[in-house]
Amino acid sequence: EFEETFVKPRNEPNPLVCCFGEAYKDFIPSVRVCVKQMDEDAYSTWKGLQWMPPEFARSPGTSPANVAISIARLAGKAAFIGKLGNDDLGKELLETLRENKVETKGVIVDQLRSSSLSRWKIERLGKRKLSMQCLRESAENNLDMSEVNMDILKEAKLFHFSSISLTTEKMCSTLMSAIDAARGFGSLIFFDVNFPLPFWISREATWEAIEKAWTSSDIIKINKVELEFLIEDEGLAMRLLAKDSIASSWEEFQARKNQRFEYHYTLEQIAPIWRDNIKILFVTDGTYRIHYYTPKFHGDVVGTEDVIVSAFSCDRTGSGDTISAAIIRKLVAQPDIFEDQDRLERALRFVVAAGVISQWTIGAVRGLPTESAAQNLTEQMF
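Everything quoted here is computed from the prediction, not taken from an experiment.

> Could you clarify how one ought to interpret the packing of helix α3 (residues 63-73) against helix α12 (residues 319-333) in this entry?
For any two helices packed against each other, the geometry is given by the interaxial angle and the distance between the axes. One way to put it is that α3 packs onto α12 with a least axis distance of 8 Å and a crossing angle of 50°. Taken together, the axes of α3 and α12 lie oblique to each other. Considering the relative orientation of α3 and α12, their crossing is right-handed. Together, S63, N66, V67, S70 and I71 of α3 and D321, T322, S324, A325, I328 and R329 of α12 make up the contact between the two elements. Of the residues assigned to the contact of α3 with α12, the class counts are four nonpolar, five polar and two charged.

See below:
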């Protein structure tokens, strides 16, 4: 009787998720900046190497590919739609997707264009100013709607994309057509904003570029830096934390100095980015806190931050992509989670745990967690 009760496999739904966009290779500096200096002498020789590193680690990159692989690692079903060059980098990316059990029948191999190679130079010409010289036209940014696999769009229950696909005219056009097709087949649309902020010179120009995608999406995930950029209120989270951390007496300070301070964006503060089409909006502060907003309720889930990882290195671990994948995994497995605040918060605890695990390994794909690892850490943390 015990075995019959507890050994039966779970019968959770496992719908297909379609991840649309680019897949690149990231070349990551092999030296990590860290606020907590484990070895002061060694660290003093490392910190300058972030700008002129002695070597790089080559790793699969970009949000759509990372999210697809992370969903598969979390025991979900994911398909990737995009275009790769017929060269070593493209072949390696395709093999990485296949090794991680991502459906690749939607991947087009471009025989004429190569994988992207760009030279970047950052100049102090303004608050956010970046110049880019493209050495050659890339395969990744030239996917045509006629090349999109419609069978994947018909089967998928959720369509995922990021803002990078909105930065080139060709991909933006294909993306919006794919969104219309996916919505027609009954898919939820998940906009994982994931701004490369230097591309976006001003709030007005950014909204002009993303407004159509924003109003076509059911679920939107944005981090606190991106939120404050879009609402033009930089440092809002820090002010909210500071206001909450002020003590009125020495005794109160002593009692509160080891506490985690609370902060939560109000409905009025997020009003500039709220649209009637949104079923749920997530605002992430790393794995420290995830805020959520639906038409019926809102709140936040307090997590934790890996003490070894600092703000200087967290974007090299794929943690944000893991958070997106874990959110998607829970949303497609529990379609009615939008209506149940308690179940949503329990799901977000799993999301926090998955994000923390991915922080432990630099290089995105190498550190993406399995479902069992994320569940085990969830039970330990909460």
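> Would you take a moment to explain the packing of aromatic side chains for this structure?
The final tally for this structure, using the stated rule, is seven aromatic pairs. A centroid spacing of 5.1 Å and a plane angle of 70° characterise the contact between W207 and W214, whose relative ring orientation is edge-to-face. For W207, a relative accessible area of 9% puts it in the buried group. Between Y292 and F297, the ring centres sit 6.2 Å apart and the planes meet at 75°, which makes this aromatic pair edge-to-face. Take Y292 and F297: they sit in the same class, and that class is buried. Grouping aromatic residues by their ring pairs yields a cluster made of F20, F159, F161, F191, W207 and W214. Positioned above the aromatic ring of W207, the side-chain terminus of R275 is 4.8 Å from the ring centre. For K330, the ring lying beneath its charged end belongs to F350, and the centroid distance is 4.3 Å.

Rules behind the numbers
- Residues numbered from 1 in each chain as written.
- Predicted model: local features only at pLDDT ≥ 70, side-chain atom pairs only at ≥ 80, totals over all residues.
- Heavy atoms only, no water.
- Axes fitted to C-alpha atoms, helices over the stretch in contact; angles between N-to-C directions.
- Helix = DSSP H or I, 4+ residues; strand = E, 2+ residues; numbered from the N terminus.
- Parallel < 35°, antiparallel > 145°, perpendicular 65-115°, else oblique.
- Left-handed = near helix turned anticlockwise from the far one by under 90°.
- Contact = heavy atoms within 4.5 Å.
- Nonpolar A, V, L, I, M, F, W, Y, C, P; charged D, E, K, R; others polar.
- Phe/Tyr/Trp six-rings, centres within 6.5 Å; stacked < 30°, edge-to-face > 60°.
- Buried < 20%, exposed > 50% of the residue type's maximum accessible area, 1.4 Å probe, protein only.
- Lys NZ or Arg CZ within 6 Å of the ring centre and 35° of its normal.

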